[in-house]
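Listed here are the chains, written in short residue letters.
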Amino acid sequence: MADQSVTDNQGKSRFELAVDGQVAFADYWRDGDRLVIPHVETPQALRGHGVAARLMEGIVAHAREAGLKIVPVCTYAQAWMRRHREHEDILA
């Protein structure tokens, strides 16, 4: 699997991670200094390979850099944040 970086597609209000010609993404909206994540989706062919986790890591990095707090509405994003307590300081 080709390793790419997470990009902020502001036009579609989503973070994207392109891998092997397919795109995993997380929709978002900004609410002041909060980054609300209502949906994370990974194409079927990429599931089980850590792609969604790499996407979440990129979102966390973006939030830290921008001084934002994350509101994980999506159940995957919530579960990922619970498993990665080292990032709970950026939870809203």
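Residues take numbers from 1 onward in each chain, read along the sequence in its written order. Residues qualify for local features only when their pLDDT is at least 70, as the model is predicted, and side-chain atom pairs are given and counted only at 80 or more; totals for whole chains, interfaces and linings, by contrast, use all residues. Only heavy atoms go into the side-chain values, all of them from the structure, while hydrogens and water stay out.

Novice: Quick question: what am I supposed to make of the pattern of salt bridges here?
Specialist: Pairing is possible between side chains that carry opposite charge, provided their charged atoms lie close to one another. Within this document, salt bridges are pairs made up of a side-chain nitrogen of Lys or Arg and a carboxyl oxygen of Asp or Glu, the two lying within 4 Å of each other. What the rule picks out here adds up to four salt bridges. Of the charged contacts in the structure, one is a salt bridge between R14 and E16, with a shortest N-O distance of 2.6 Å. We note a salt bridge from R85 to E88, for which the minimum N-O separation is 3.6 Å.

Novice: Can you walk me through helix α2 (residues 75-83) in this structure?
Specialist: Each α-helix winds once per 3.6 residues, and so residues spaced three or four apart point in a common direction. Taken as a whole, α2 has its buried residues at A77, A79, W80 and M81. The inward-facing, buried residues of α2 abut β4 (34-41), α1 (51-66) and β5 (69-72). Burial classes follow relative accessibility: with a 1.4 Å probe on protein chains only, a residue under 20% of its type's maximum area counts as buried, one over 50% as exposed, and anything between as partly exposed. Helix and strand definitions here come from DSSP, where helices need a minimum of 4 consecutive H or I residues and strands a minimum of 2 consecutive E residues; each element is numbered from the N-terminal end. By the convention used here, residues are in contact when the closest approach between their heavy atoms is within 4.5 Å.

Novice: Even after reading the chapter, I still don't get the sheet that holds strand β1 (residues 7-9), so can you show me in this structure?
Specialist: Within a sheet, adjacent strands bond to each other through the backbone by hydrogen bonds, running parallel or antiparallel. Sheet architecture is open: five strands sit in the order β1-β2-β3-β4-β5, paired in mixed fashion. The sheet is open, and its two borders are formed by β1 and β5, each paired with just one other strand. Going from strand to strand, the sheet's axes swing by 35 degrees on average, the running direction of each strand aside. When β1 meets strand β2 (residues 14-19), the two strands line up antiparallel, connected through three bridges. Its bridge partner being in β2, D8 is matched across the sheet by F15. Two strands are counted as paired when DSSP detects at least two bridges linking them. Think of each axis as a best-fit line through the C-alpha atoms, taken over the contacting stretch in the case of a helix, with angles from 0 to 180 degrees between the N-to-C directions.

Novice: In this structure, what is going on with unusual backbone geometry? I would like to understand it.
Specialist: Comment: phi is negative for the bulk of residues other than glycine, and the bulk of peptide bonds are trans. If you check the backbone angles, S13 has positive phi at about 50 degrees while not being a glycine. Within the fold, S13 resides in the loop between β1 and β2. The exposure class of S13 is partly exposed, given its relative accessible area of 32%. Unlike most non-glycine residues, D20 shows phi in positive territory, near 50 degrees.

Novice: Got a minute to help me understand the pairing of β5 in this structure?
Specialist: The side chains of a regular strand alternate between both faces of the sheet. As judged from the four bridges shared by β4 and β5, these two strands associate in the parallel manner. Across the sheet, the residue bridging to R34 is K69, located in β5. Handedness of the β-α-β unit built from β4, α1 and β5 comes out right-handed. By convention, orient the strands away from the viewer: a clockwise path from the first strand over the helix to the second makes the crossover right-handed.

Novice: How do you make sense of the packing of aromatic side chains when you look at a structure like this?
Specialist: Two aromatic rings, taken as a pair, are described by how far apart their centres are and by the angle between their planes. Ring geometry is summarised as follows: Phe, Tyr and Trp rings, the Trp one being its six-membered ring, pair when their centres sit within 6.5 Å, and such pairs are stacked at plane angles under 30 degrees, edge-to-face over 60 and tilted between the two. Inspection of the entire model under this criterion finds one aromatic pair. For the ring pair F15 and Y28, a centre distance of 4.8 Å and an interplane angle of 35 degrees mean the geometry is tilted. Here F15 is found in strand β2, whereas its partner Y28 is found in strand β3 (residues 22-31), with 13 residues between them in sequence. Sitting above the plane of the F25 ring, R14 keeps its charged end 4.2 Å from the centroid. For a Lys NZ or an Arg CZ to count as sitting over a ring, it must be within 6 Å of the ring centre and within 35 degrees of the ring normal.

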